[in-house]
Amino acid sequence: MKTNRRTFVGGISAAAMLSGSRSAFAQKKYDNGATDKEVKIGHTNPYSGPASSYGVIGKCIEAYWKSVNDRGGVNGRKINFITLDDSYSPPKTVEVVRQLVEQDKVLCTFNTLGTPTNTAIHKYMNQKKVPQLFVATGASKWGNPKEFPWTMGYQPDYHTEAVIYAKHILANVKDAKIGVLMQNDDYGKDYWEGFKEGMGKEAGRIVKHVTYEVTDPTVDSQVIQLKDTGANVFFNIAIPKFAAQAMRKAAEIGWRPAQYLNNVSGQVTTTMKPAGFENVQGVITAAWLKDPTDHQWDNDEELKIWRTWMAKYMPNGNLGDVNYVYAYSVSFLMEQTLKKCGDDLTHENLMRQAANHQKLRVPGLLPGITVSTSPTDFYPVQAVQLQRFKGESWELFGEIMHAESS
Amino acid sequence: MEQFLQQVASGLANGAIYACVALALVMIYVSTDHINFAQGEMAMFSTYISWQLMSWGISFWIAFILAVVLSFILGVVIERVILRPLHNAPVLSIVVVFIGLLAIFNSVAGAIWSYLIKEYPSPFPKSSFGIAGVIGPHQLGVVLVTLIVLGLLFAFFRYTPLGLAMRAAAQNPQMARLVGVRVDWMLALGWGLAAAVGAVAGIMVAHIVYLDPNMMAGILLYAFAGALVGGIGNPGGAVLGGFIVGVLENMVAFAGNQIEKTTGIYIIGNGEKLTVALIIVIFVLTVRPAGIFGRVVVKRV
Amino acid sequence: MTASTKKWLWLVLALAFLVPLLRPVLPDLVSDYRLFLVSTMMIAGIAVLGLNLLTGFNGQISLGHGAFYAVGAYTAAVLMDHLDMPYWLTLPCAAIVCFIVGYLFGLPALKLEGHYLALATFALALAVPQILKYKWLEGLTGGVQGIVLNKPEVPFGLPLTEDQWLYYYILIVMVLLYWAAANMLNSRSGRAMMAIRDYTIAAGTMGIDTSLYKTVTFGISAAYTGIAGALSASAIAFVAPDSFNIFLSIKFLIGLVVGGIGSLVGSVVGGIFYVLVDNSAQALSTFAKNDLGLQFDLSAYTVFGILLIVLMYLMPMGIVGGVYYLVQGLRSSMRSPEAKAQAARKQHATR
């Protein structure tokens with residue numbers, strides 16, 4: 001298994017911290033995009049097209065920087081945040097990212113969204129040696145500092161998450177016969193590969209693997225096929241709309257397997273409620289963010305702060321959308337990273353500081369989950385906790401799992 | 001066997017969705033000779049209107065009626081304001097205008113109601129009866145509503161003077177004008193009717209696919225295919241075409257599934273079902289260019 | 001083509017060749033990014049040109065030219081990735097493959113007209129990304145992950161940057177293709193193509209093999225668009241099924257209509273517009289928000305829609321058509337009433 005990415009060696013990171021903090025107080029050094037007055041950060045997001053539901057992430061990040069600027073900026077510098085629409089089309093992403101890097105001359109790009117879109121600019125950013133920080137995709141390829149030292153991911157990757165489900169199934173379901181529904185693109189593929197890897201020798205237990213396209217109106221036909229195989233475990237790799245359809249359809253046709261749902265669709269209002277609470281009892285998923293629609297967080301301090309912040313800076317934002325928590329958390333991490341850079345705002349130092357977080361608490365993450373990075377560990381958040389659906393909300397159970405413990 | 005039945009039933013249920021949208025496409029085509037690419041987005045918008053009304057506490061059927069009426073008005077306004085000045089523009093220019101409308105409706109709906117999916121209630125009782133497990137009550141309801149709408153349209157065109165005038169205006173505008181039909185208004189009326197039928201379609205579909213601004217993107221193509229298979233000028237044909245496409249698509253997946261099961265070789269599956277279904281549709285069209293139920297128009301040279 | 005338009009074309013061409021050389025003087029104006037942007041415009045221009053040959057000059061509607069673009073791009077990518085073929089050699093290969101695909105698709109298309117052809121091509125555009133993901137082709141196409149490529153290197157030690165070289169490379173290809181298209185349209189075959197568009201039956205009775213012409217035109221049109229796809233694979237250095245969704249085909253159509261149906265110059269204008277409209281919609285959207293102080297968010301996609309409709313209002317015949325009539329109108333208003341009437345008659349005839 002190649003999940004030992006998190007080779008967390010205390011000595012190395014301590015040394016990195018020392019060198020990092022020392023350079024932070026050196027004299028002012030700037031690369032393109034940073035001056036005494038401002039720091040330019042670039043961003044791409046699908047504001048139009050099929051993936052436009054992610055558009056709120058860009059809006060929220062924009063509002064976050066506005067709030068930072070209202071507080072006086074980072075180390076006295078205002079953040080000039082430029083966000084452009086790439087409509088989830090890789091060629092368009094190349095075009096707008098080149099605009100950001102060469103025309104607007106940003107210090108870095110931040111949280112550019114989508115796996116194919118980030119793949120299209122991966123090589124370019126590393127050739128230009130401009131940081132491509134905290135990309136908004138769960139693919140496993142973003143934490144490869146040897147070959148791509150200028151790119152860093154953010155969230156736990158799909159691959160590892162799927163391995164965790166596989167282990168859980170093998171440990172808890174007797175005579176598992178598994179049916180898999182998968183979105184036919186690289187997001188689905190990443191989960192699928194991870195799942196197969198996690199099953200290891202037991203991969204024969206996967207009795208059926210069906211796919212759907214995002215343009216399909218429904219996945220009814222696929223669910224019927226899965227039921228027909230007599231599977232007693234259902235691994236649901238689908239975005240909220242189709243995940244909800246699938247769980248509802250399964251109940252409608254009387255298929256009652258043990259259900260595992262990918263984290264992408266783990267929100268109460270956008271997946272579980274539309275699927276019907278009575279149909280989704282006992283569904284298991286992995287989480288790393290606090291779901292704002294889950295009542296267990298109603299009195300959570302961090303989310304309270306987040307809600308007041310939302311009321312001020314995103315008054316029209318839907319408080320039930322976990323994407324806002326996501327955007328808030330990743331922006332917080334970016335702000336902390338910039339703070340640590342001090343007056344040395346060069347591409348190199350930015351990368352050095354990004355790879356130098358020790359157990360940083362980021363608001364919005366589940367209790368006990370922190371951000372740690374090192375020059376060899378480019379996976380900021382790499383822990384998840386399993387949760388089971390009960391009544392109208394999720395119930396966390398078990399321990400927080402890091403990649404190596406899965 | 002159980003799978004076969006379930007696949008057919010689910011195909012019929014999907015087919016009902018396609019049929020509903022196909023009806024709206026046919027309405028515009030019959031009255032204006034255009035295929036409205038924005039039809040799906042307009043239907044989506046109407047559905048949001050009804051959702052908004054319901055969230056203000058109005059009951060389902062009243063919201064339904066209000067949304068249909070508002071959509072009718074919206075359709076008439078779009079024709080009068082946006083398409084009227086382009087009367088003499090080439091067909092493809094009109095297509096571009098439709099694409100523009102599509103973009104506007106999609107993004108405005110996203111801006112007002114966000115892109116998150118919303119659950120949409122079903123007006124039909126949640127009872128389980130004899131064929132439960134094969135086809136749900138809502139699906140049956142959709143089939144029923146589609147047939148009712150079809151019946152109403154048929155009666156309207158067949159038995160009312162207004163319906164006759166509309167047909168005349170579409171088929172031979174000059175002659176219709178000579179006998180006193182206000183052709184301009186007939187076109188606008190056609191748009192209004194199409195928008196209203198679209199609203200019905202959207203409201204029926206939303207419970208199944210959930211409400212979001214992109215919900216019609218995939219469906220429109222199927223509806224388009226269904227309408228053409230049945231014969232684009234024929235409402236009844238369009239409905240049947242919708243059902244055919246829905247069932248055919250599931251049958252392709254089913255057949256691929258069975259082949260894989262018996263021979264162990266993957267040839268076609270869910271990823272290719274749309275492609276194969278479309279190939280079959282196109283093949284049918286090359287044999288019967290006017291659609292299965294369309295009448296061949298003999299052109300005088 | 002009149003002599004004056006020809007003069008203009010030469011001028012534009014000379015400028016296109018010379019402007020990148022101004023870099024030492026105006027480094028900001030002719031930056032690598034700008035050249036890259038113009039390169040993408042030219043690629044789109046070639047793709048629209050291909051579509052125009054089919055729709056504008058032969059009267060067959062296609063809503064699916066993105067499919068040929070994808071086939072071209074993937075042909076180039078697969079050849080470069082698996083066979084290490086030099087990038088310039090992939091162009092003829094892509095052209096041949098796309099010609100064959102287009103020709104074969106043109107055969108059943110003979111039976112289809114109008115909306116039915118629109119559906120068939122629409123279906124093609126939908127099917128191609130799915131075929132690229134097909135299980136048995138995955139080894140070749142890279143499946144959903146696509147293929148990452150290298151950008152073309154500058155040959156012969158020329159003192160150019162990668163983007164400058166790419167620009168000239170694409171410019172040369174475009175000029176050649178444009179010249180070939182212009183010659184073809186001016187020949188017997190070209191007139192036959194247009195005769196079929198204007199009156200198929202009459203063309204048939206005059207001894208034109210309409211089926212052959214239609215299918216071959218389909219092939220040539222697909223080859224043009226395929227070459228554009230192959231160029232884009234080199235320029236973007238990445239191909240994936242997500243790059244070729246249905247909206248790509250629709251954008252080509254928009255480029256065609258906005259540029260001018262049945263006009264070669266219009267194709268290039270359409271290509272430019274195709275790239276510009278996105279960027280300008282975004283700029284307008286930010287402008288409306290920040291400078292006009294609009295209370296609500298006017299998204300770029302909304303602006304895009306409004307732009308399209310307004311453009312069709314102002315110039316239903318496309319930009320080239322619109323400019324043509326504008327120039328005609330200006331000229332005739334300066335002439336005597338007699339000449340005016342003559343011009344009007346002429347204008348009517350050209351319509």
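**With respect to the overall build of chain A**
Right, so step 1: Summing up its helical and strand segments, chain A has 12 helices and 14 strands in all.
Right, so step 2: Judged by the C-alpha coordinates and their principal axes, chain A covers about 65 × 45 × 45 Å.
Right, so step 3: Every one of the 406 residues in chain A was classed for burial, and the buried ones make up 61%.

**A few points about the overall build of chain B**
Right, so step 1: Looking only at helices and strands, one finds 11 helices and zero strands in chain B.
Right, so step 2: The secondary structure elements of chain B, listed N-terminal to C-terminal, are α-α-α-α-α-α-α-α-α-α-α.
Right, so step 3: Over its C-alpha atoms chain B spans a radius of gyration of 20 Å, differing by no more than 12% from the 19 Å that the globule rule assigns to 301 residues.
Right, so step 4: If one aligns the C-alpha atoms of chain B with their principal axes, the spans along those axes are about 65 × 55 × 35 Å.
Right, so step 5: Looking at chain B as a whole, 58% of its 301 residues are labelled buried.
Right, so step 6: Long-range contacts, defined here as pairs at least 24 residues apart, represent 75% of the contacts in chain B between residues at least 6 apart.

**A look at the nonpolar core**
Right, so step 1: Membership of the largest hydrophobic core comes to 357 residues, with the highest contact counts inside it found for V21, A22, L23 and L25 of chain B together with I227 of chain C.
Right, so step 2: Here the element with the most residues in this core is helix α8 (residues 183-209) of chain B; it accounts for 19 residues.
Right, so step 3: In contact with I227 of chain C, not counting residues within four places along its chain, are I46, G72, L91, A94, A95, V173 and L177 of chain C.

**Digging into the pairing of strand β6 (residues 178-183) of chain A**
A regular strand places its side chains on the two faces of the sheet in alternate fashion.
Residues and elements named next belong to chain A.
Right, so step 1: Most of β6 sits inside the fold, with six of its six residues counted as buried.
Right, so step 2: In this region the chain leaves β6, passes through helix α6 (residues 186-199) and returns to the parallel neighbour strand β7 (residues 206-212); the handedness of that crossover is right-handed.
Right, so step 3: As paired strands, β6 and strand β8 (residues 233-237) are joined by five bridges and run parallel to one another. When the bridges of β8 are listed, L181 appears paired with N236.

**Focus: the interface of chain C and chain A**
A common way to report how large an interface is uses the accessible area buried once the components associate.
Right, so step 1: In this assembly, 24 residues from chain C lie in contact with 24 residues from chain A.
Right, so step 2: For the side of chain C that touches chain A, the secondary structure elements donating two or more residues are α2 (32-58), α10 (210-236) and α13 (300-314) of chain C.
Right, so step 3: Ranked by residue count, the leading element in the side of chain C that touches chain A is α2 of chain C, at five residues.
Right, so step 4: Partitioning the side of chain C that touches chain A into residue classes produces 12 nonpolar, nine polar and three charged.

**Observations concerning the interface of chain C and chain B**
Right, so step 1: Residue-level contacts link 35 residues of chain C with 36 residues of chain B.
Right, so step 2: For the side of chain C that touches chain B, the elements supplying multiple residues, two or more each, are α5 (114-132), α11 (246-259) and α13 of chain C.
Right, so step 3: Examining the composition of the side of chain C that touches chain B, we find that 10 residues originate from one element, α5 of chain C, more than from any other.
Right, so step 4: Classifying every residue of the side of chain C that touches chain B by side-chain character gives 26 nonpolar, five polar and four charged.

**Let's talk about the domain arrangement of chain A**
Residue and element names in this part refer to chain A.
Right, so step 1: Along its sequence, chain A is organised into domain 1 (10-156 + 299-383) and domain 2 (158-287).
Right, so step 2: One C-alpha centre belongs to domain 1, the other to domain 2, and the line joining them spans 31 Å.
Right, so step 3: Contacts between the two partners involve 10 residues from domain 1, matched on the other side by 11 residues from domain 2.
Right, so step 4: Per-class residue counts for the side of domain 1 that touches domain 2 are six nonpolar, four polar and no charged.

**Quick look at the packing of helix α2 (residues 39-55) of chain B against α8 of chain B**
Residue and element names in this part refer to chain B.
Right, so step 1: For the pair α2 and α8, interaxial distance at closest approach is 7 Å and the crossing angle is 65°. Put simply, α2 runs roughly perpendicular to α8. Regarding α2 and α8, the two cross each other, and that crossing is right-handed. Together, Q39, M42, A43, M44, S46, T47 and S50 of α2 and A194, A195, G198, A199, A201, G202, I203 and A206 of α8 make up the contact between the two elements.
Right, so step 2: Grouping the amino acids of the contact of α2 with α8 by side-chain chemistry returns nine nonpolar, six polar and no charged.

**Side note on the sheet that holds strand β3 (residues 78-85) of chain A**
Sheets are built from strands paired through backbone hydrogen bonds, the pairs being either parallel or antiparallel.
Residue and element names in this part refer to chain A.
Right, so step 1: Taking strand neighbours across the sheet as the criterion, the four strands line up as β3-β2-β4-β5 in an open arrangement whose pairing is parallel. Each end of this open sheet is capped by a strand with a single partner; those strands are β3 and β5 (132-133).
Right, so step 2: Of the pairings in the sheet, the one linking strand β2 (residues 38-45) to β3 comprises eight bridges and is parallel in character. Its bridge partner being in β3, H43 is matched across the sheet by T83.

**Quick notes on unusual backbone geometry**
Right, so step 1: The phi angle at K359 of chain A is positive, at roughly 45°, despite the residue not being glycine.
Right, so step 2: With respect to the element layout, K359 of chain A can be found in the loop between α12 (347-354) and β12 (383-390).
Right, so step 3: Unusually for a residue other than glycine, D84 of chain C sits at a positive phi of about 55°.
Right, so step 4: Inspection of the secondary structure assignment puts D84 of chain C in the loop between α3 (65-83) and α4 (87-109).
Right, so step 5: A count of 7 C-beta atoms within 10 Å places D84 of chain C in the exposed class.

**Considerations on helix α4 (residues 115-128) of chain A**
Residues and elements named next belong to chain A.
Right, so step 1: Its 14 residues place the ends of α4 20 Å apart at the C-alpha level, agreeing with the 20 Å of an ideal helix rising 1.5 Å per residue.
Right, so step 2: Along α4, the largest kink reaches about 40° and is centred on I121.
Right, so step 3: Turning to α4, its buried residues are T115, P116, T117, N118, T119, A120, I121, H122 and M125.
Right, so step 4: Of the residues one or two after α4, K129 is the one with positive phi, at around 55°.

**Let's talk about the packing of α2 of chain C against helix α12 (residues 264-290) of chain C**
Residues and elements named next belong to chain C.
Right, so step 1: It is at 7 Å that the axes of α2 and α12 come closest, and there the two elements cross at 135°. It follows from the interaxial angle that α2 and α12 lie oblique. Crossing of α2 against α12: the hand is right-handed. Listed contacts from α12 to L37, T40, M41, M42, A44, G45, V48, L49 and N52 of α2 are L264, S267, V268, G270, G271, I272, Y274 and V275.
Right, so step 2: Of the residues assigned to the contact of α2 with α12, the class counts are 11 nonpolar, six polar and no charged.

**Considering the environment of W306 of chain A**
Residue and element names in this part refer to chain A.
Right, so step 1: Here W306 shows up in helix α10 (residues 301-313).
Right, so step 2: Considering only alpha carbons, one finds W306 and Y328, 22 residues apart in sequence, at a separation of 7.9 Å.
Right, so step 3: Among all residues touching W306, those that are not within four sequence positions of it are V325, Y328, P363 and G364.

**Section: the confidence of the model for chain B**
Right, so step 1: Looking at chain B, pLDDT values average 84 and 93% of them are 70 or higher.
Right, so step 2: Confidence estimates for the predicted assembly give a pTM of 0.86 and an ipTM of 0.87.

**Let's talk about α3 of chain C**
The α-helix advances 3.6 residues per turn, and as a result positions three or four apart in sequence lie on the same side.
Residue and element names in this part refer to chain C.
Right, so step 1: Relative to the 27 Å expected for 19 residues at 1.5 Å per residue, α3 spans 27 Å between its end C-alpha atoms, a close match to the ideal helical length.
Right, so step 2: With 16 of 19 residues buried, α3 is to be regarded as a mostly interior element.
Right, so step 3: Where α3 terminates, the next one or two residues include D84, which has phi positive at roughly 55°.

**A short note on the environment of D186 of chain A**
Right, so step 1: Tracing the backbone through its elements, the reader meets D186 of chain A in helix α6.
Right, so step 2: Assessed through the 25 C-beta atoms surrounding it within 10 Å, D186 of chain A is described here as buried.
Right, so step 3: Spatially, the C-alpha atoms of D186 of chain A and T115 of chain A are 7.2 Å apart, while their sequence positions differ by 71 residues.
Right, so step 4: When neighbours within four sequence positions are excluded, D186 of chain A is seen to be in contact with T115, P116 and A139 of chain A together with V144 and Q145 of chain C.

**A look at the pairing of β7 of chain A**
Residue and element names in this part refer to chain A.
Right, so step 1: Of all the seven residues making up β7, five are buried; the element is thus mostly covered by neighbouring parts of the structure.
Right, so step 2: In this sheet, β7 lies alongside β6 in parallel orientation, the contact comprising six bridges. Considered in β7, the bridge of Q183 is made with Y212.

Conventions and cut-offs
Residues numbered from 1 in each chain as written. Chains lettered and ligands numbered in written order. Predicted model: local features only at pLDDT ≥ 70, side-chain atom pairs only at ≥ 80, totals over all residues. Helix = DSSP H or I, 4+ residues; strand = E, 2+ residues; numbered from the N terminus. Buried ≥ 20, exposed ≤ 12 C-beta atoms within 10 Å, placed from the backbone. Rg over C-alpha atoms; globule rule 2.2 N^0.38 Å. Contact = placed C-beta atoms within 7 Å. Core = buried A, V, L, I, M, F, W, Y, C linked by C-beta atoms within 7 Å. Right-handed = clockwise from strand over helix to strand, strands pointing away. Pairing = 2+ DSSP bridges. Nonpolar A, V, L, I, M, F, W, Y, C, P; charged D, E, K, R; others polar. Domains from an automatic or database assignment. Axes fitted to C-alpha atoms, helices over the stretch in contact; angles between N-to-C directions. Parallel < 35°, antiparallel > 145°, perpendicular 65-115°, else oblique. Left-handed = near helix turned anticlockwise from the far one by under 90°. Expected span 1.5 Å × (residues − 1). Bend = angle between axes of the 7 residues up to and from the residue. pLDDT = per-residue confidence, 0-100.

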